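This is what each chain is made of:
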Amino acid sequence: QVQLVESGGGLVQPGGSLRLSCAASGNIFSIYAMGWYRRAPGKQRELVAAITSGGSTNYGDSAKGRFTISRDNAKNTVYLQMNSLTPEDTAVYYCNADGILDFSDRVVSSWGQGTQVTVSS
C-alpha cells in the first residue's frame, strides 16, 4: 500500500503563486516518476508536470515557463511551484507516483486524493 498526501492548495489571486507538495509513504523501495495532473470543471484530466528519480522533467503546455516541478527522493516528496497563476489554472490538482517498486518487487502506481486550486480575485 502506498499513500500520497497532497498539500498546498487554496485560493489565490490572479498573478499569484502557490506551492503544492505531495509526500508518498508506505511500502516503497523506490519511485520512478512523480508528477502532477489537474482536472478543471468540464475538462479532461491533463498532465501538468512530471519528474523522474533522475531529475528529468516533462511539462504540459499550460505549465511551461510558469510552473517548476522538483523532487526530494530521500523524502519521496514532489513539489510544484506555480507562478503567474490565472483563472484558467483553477482545477483539482492530483499527485501521481508511477513505477513504485515495493519491498516485494512489485511495481505499482498510486494517486493522491487531489487538492483544490482556485485562482480568483
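Preceding block: the structure.
This structure is a prediction, so every number in the text was calculated from the model and none was measured.

Q: Give a detailed account of the overall build of the chain, specifying residues and quantitative values.
A: Counting its regular elements, the chain contains 0 helices and 11 strands. Starting at the N terminus and ending at the C terminus, the chain contains elements arranged as β-β-β-β-β-β-β-β-β-β-β. Relative to the globule expectation of 14 Å for 121 residues, the C-alpha radius of gyration of the chain, 14 Å, shows essentially globular dimensions. Along the three orthogonal principal directions, the C-alpha set of the chain runs to about 50 × 25 × 25 Å. Residues classed as buried in the chain amount to 41% of the 121 residues present. Within the chain, counting contacts between residues at least 6 apart in sequence, those at least 24 apart form 55% of the total. Carbon together with sulfur atoms contributes 47% to the accessible area of the chain, which is approximately 6400 Å² in total. Here the chain carries 10 positive and 9 negative side-chain charges, and the mean point of each set is 3 Å from the other.

Q: Explain the sheet that holds strand S8 (residues 77-82) to me, using residue names and the numbers behind them.
A: In spatial order, the strands read S1-S3-S8-S7; together these 4 strands make up an open sheet with antiparallel pairing. With partners counted over all chains shown, the strands left at the sheet margins are strand S1 (2-7) and strand S7 (67-72), one partner each. Across the sheet, the mean angle separating the axes of adjacent strands is 15° when strand polarity is ignored. Note: strand S3 (residues 18-26) against S8, 6 bridges, orientation antiparallel. Looking at the pairing, Arg19 lines up with Gln81 of S8.

About the thresholds
- Residues numbered from 1 in each chain as written.
- Predicted model: local features only at pLDDT ≥ 70, side-chain atom pairs only at ≥ 80, totals over all residues.
- Heavy atoms only, no water.
- Helix = DSSP H or I, 4+ residues; strand = E, 2+ residues; numbered from the N terminus.
- Rg over C-alpha atoms; globule rule 2.2 N^0.38 Å.
- Buried < 20%, exposed > 50% of the residue type's maximum accessible area, 1.4 Å probe, protein only.
- Contact = heavy atoms within 4.5 Å.
- Areas by Shrake-Rupley, 256 points an atom, 1.4 Å probe, with all protein chains shown as cover.
- Lys, Arg positive; Asp, Glu negative; His and termini not counted.
- Charge placed at Lys NZ, Arg CZ, Asp CG, Glu CD.
- Pairing = 2+ DSSP bridges.
- Axes fitted to C-alpha atoms, helices over the stretch in contact; angles between N-to-C directions.

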